[in-house]
Amino acid sequence: MALISRDLKKLVLFGAGKIGRSFIGQLFSLGGWEVVFIDTYKPIIEELNRRRNYNVIIKGETTEILNIKNVRGVYTGNTEWVVNEVASADILAVSVGQGGLAGTIPLIARGLLQRFQSNPDQPLDIIIAENLRNASEYLHGELQKLLPSDFPIKKLVGLVETSIGKMVPIMQEKDMEEDALQVFAEPYNSLILDKLAFRNPIPEIPGLSPKENMKAWVDRKLFIHNLGHATAAYLGYLHDPGFAYLYEVLSVPELHKQVRDTMLQAADILLKKYPDEFTPETLTDHIDDLLYRFQNKALGDTVYRVGCDLWRKLSLEDRLTGAIKLARELNQPYDRILHSLVAACYFRGTDENGRLFSGDVEFDEEFKNGITHILKVVCGFDERKDGRIFAEAEEIQNQIQQKCGAVTKGRGQKAEGKN
């Protein structure tokens, strides 16, 4: 086994999942860095250490294989080893999903403290590769709870928000059995990140795209890309629960138009919020490019992946509810987006084995208490302040049930004996 040169700069990356391997790890490895993956899944870590390389299969008009080298892994359970890697990193990245942050942040805090004790003047930048609005504020608050009160976080820690636009499908079981480390991805390779958050010089790596008004770009990703993705899944499922792939949904002209119109409504909200950052032309071009990418047959992105996890995707700061909330603040129309949100409540897409996402089983039970219950408990709307939204949602629900009776039958109805 070839040893990795100690002359290489080191990225320590929490998360050896699809985005970690196909995007963040790929960019830094091809940029000449060593990539150290930290993960809770031992088989992936063991395989990374056995092979020290893996393949990213680019699925587009043609297929391209990128061999990613200079990689190794550390199991999260080896706490002291993880802390040492953090303390000696040239840059850090986090791509664990929102649910994994609680277990990751304490390890980062310990690594920062050890780094400070041995080298008190050396900052560490942390690339937050998560679809999480206000991610830097969240991490700052959580780290502050764990570090000494006099630790100079603002000086020594760069909390670098990103906009993750790369689409990576769920790997089918047969593909994982063929090669546990390979990962499929689209050709898109631009990592938008916060130029102003770095405490060290920004790495000169192809694919990094620093922006000054990062909040605008995070919102663009959430309220156009993620919103459009979700809208396609939810409207597509209502139209035909048999649709397996996103390209099938968007091949229907009526659905393509509905999805595009919803994304354009979200674009109008962003234009009102960020008039100096975007133009109608640039956002329209972005929407049309996304719709083209969503229809990538070779990628095989599924309606299930794009639509599942309703508790998260309908939560207060996420793609649909968050866009409606922002529209209300700016006095902008949101009717198409609310239609997507109500349609989402009927989504019951399943994986390749016919299974619902685990959290969506619980969501289905909650929806038996009605759309008002979902708007309050899942979306976080207030019935007194947001009464208009509740009334409009009920009207949309009636329209959906009349049009799609076979799909919606029995769902969203008040269950007997429940308050």
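Keep in mind it's a predicted model, so treat the numbers as computed, not measured.

## Notes on the pattern of salt bridges
- Applying the stated criterion across every chain, the model contains 30 salt bridges.
- Among the salt bridges present, the one from Glu80 reaches Arg110, with a minimum N-O distance of 2.6 Å. Here Glu80 is found in helix 3 (residues 79-87), whereas its partner Arg110 is found in helix 4 (residues 101-118), with 30 residues between them in sequence.
- Accessibility expressed as a relative area gives 46% for Glu80, which makes it partly exposed.
- Overall, Arg110 belongs to the partly exposed group, its relative accessible area being 39%.
- For Glu137, the salt bridge identified is with Lys215, shortest N-O distance 3.0 Å. Of the two residues, Glu137 is situated in helix 5 (residues 135-146) and Lys215 in helix 8 (residues 214-239); the sequence distance between them amounts to 78 residues.
- Its relative accessible area of 29% is what places Lys215 among the partly exposed residues.

## A short note on the packing of helix 3 against helix 4
- Taken N-terminus to C-terminus, the directions of helix 3 and helix 4 make an angle of 55 degrees; their axes are 8 Å apart at the nearest point. On the basis of the axis angle, helix 3 is oblique to helix 4. Note on packing geometry: the crossing formed by helix 3 with helix 4 is right-handed. Where helix 3 abuts helix 4, its residues Thr79, Glu80, Val82, Val83, Asn84, Val86 and Ala87 lie against Leu107, Ile108, Arg110, Gly111, Leu112, Gln114 and Arg115.
- Residue composition of the contact of helix 3 with helix 4, by class: 7 nonpolar, 4 polar and 3 charged.

## So, the pairing of strand 5 (residues 71-75)
- Burial analysis of strand 5 places 4 of its 5 residues in the buried class, the great majority of the element.
- Looking at chain direction, strand 2 (residues 34-39) and strand 5 are connected through 5 bridges and run parallel. Within strand 5, the residue paired with Asp39 across the bridge is Tyr75.

## Some points on the pairing of strand 4 (residues 63-68)
- Looking at chain direction, strand 3 (residues 54-59) and strand 4 are connected through 6 bridges and run antiparallel. When the sheet's bridge partners are listed, Ile58 is paired in strand 4 with Glu64.
- Between strand 3 and strand 4, which pair antiparallel and follow one another directly, the connecting turn spans 3 residues.

## Regarding the side chain of Thr262
- Along the chain, Thr262 falls in helix 10 (residues 253-273).
- Accessibility expressed as a relative area gives 3% for Thr262, which makes it buried.

Calculation criteria
- Residues numbered from 1 in each chain as written.
- Predicted model: local features only at pLDDT ≥ 70, side-chain atom pairs only at ≥ 80, totals over all residues.
- Heavy atoms only, no water.
- Salt bridge = Lys/Arg side-chain N within 4 Å of Asp/Glu carboxyl O.
- Helix = DSSP H or I, 4+ residues; strand = E, 2+ residues; numbered from the N terminus.
- Buried < 20%, exposed > 50% of the residue type's maximum accessible area, 1.4 Å probe, protein only.
- Axes fitted to C-alpha atoms, helices over the stretch in contact; angles between N-to-C directions.
- Parallel < 35°, antiparallel > 145°, perpendicular 65-115°, else oblique.
- Left-handed = near helix turned anticlockwise from the far one by under 90°.
- Contact = heavy atoms within 4.5 Å.
- Nonpolar A, V, L, I, M, F, W, Y, C, P; charged D, E, K, R; others polar.
- Pairing = 2+ DSSP bridges.

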